[in-house]
Amino acid sequence: MNFSTKLPYKNLRRKNAYYRYTKDLYGDNAAAAFFVLTHSGRVRFQGQETWFCVDERGKFSFDFLQLRDVPVEAIDLTGSVLNYDGLDNLEKLTALKSLDLSRCPHVDDWTLGRLHVFKDSLEELSLAGCPQVTERGLACLHQLEHLRRLDLSHLPSVPVPGLVRILVEEMLPQCEVLGPGPGDGLAPVSGTQTSGDRREEPSGDRRAGEIPA
């Protein structure tokens, strides 16, 4: 692995590092919220209507620390660089009901295999536009017994999206599955070819897990 290959990999690992310091100091919910906000995501706590998010300059308020003892209920990480390792920062959220991972370029089948930790609470999940997600990863979602809404739109690595949707609906009969129509990808003459855009990783130099004094 040469230098040009190592650097992006090193940056990705750093951005998905476990925020142990923040977790030890403020608890699981505040640490998860901090992780989400440093990735320009949004987070909402239980019993709250307001989302915490970054402003137009990419800055955010630390007022969420006042809710450190309140469970995180919803997370939006659309377009972020979250990967398998980054889930270490979220897996203790026992009350998480909604998780949006739309257009996350590094969310793959291995990442989906870890979502079982939310099986007792997760009701909404979006994987729309995730270029690395395949039918093998989607099979892992059978463990999410409380899932009520699942968005599988625009998954370029799923070869026959219409058929996969049918199989997911059978696997999760209580869940509304959004995405391709039942016949998509089932044409007898030629297979479906799709493409997906990969988003560039957002820049950020803040050390993992460090909250300014």
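Above this text is the structure in question.
Residues numbered from 1 in each chain as written. Predicted model: local features only at pLDDT ≥ 70, side-chain atom pairs only at ≥ 80, totals over all residues. Heavy atoms only, no water.

A. Quick peek at the overall build of the protein chain. Each helix and strand counted, the protein chain has six helices and seven strands in total. When its helices and strands are written in sequence order, the protein chain yields α-α-α-β-β-β-β-α-β-α-β-α-β. Counting contacts in the protein chain only where the partners sit at least 6 residues apart, residues at least 24 apart contribute 70% of the total. (Helix = DSSP H or I, 4+ residues; strand = E, 2+ residues; numbered from the N terminus. Contact = heavy atoms within 4.5 Å.)

B. Main features of the nonpolar core. In terms of nonpolar packing, the biggest core is built from 49 residues, with Phe 64, Ile 75, Leu 90, Leu 125, Leu 127, Leu 138 and Leu 150 touching the most fellow members. Of all elements in the fold, only α3 (28-38), β1 (42-45), β3 (72-76) and α6 (161-171) reach the threshold of two or more residues within this core. Take this core: its biggest share by element is seven residues, from α3. In contact with Leu 150, other than residues within four places in its own chain, are Leu 125, Leu 127, Leu 141, Val 168, Leu 172, Cys 175, Glu 176, Val 177 and Leu 178. (Core = buried A, V, L, I, M, F, W, Y, C linked by side-chain atoms within 4.5 Å. Buried < 20%, exposed > 50% of the residue type's maximum accessible area, 1.4 Å probe, protein only.)

C. α6, seen in detail. Of all the positions in α6, only Pro 161, Gly 162, Val 164, Arg 165 and Val 168 are classed as buried. Along the axis of α6, the buried residues cluster in a sector spanning 160°; they form a single face. Check the buried side of α6 and you find it contacts α5 (135-138), β6 (149-151) and β7 (176-178). (Arc of directions from axis to C-beta.)

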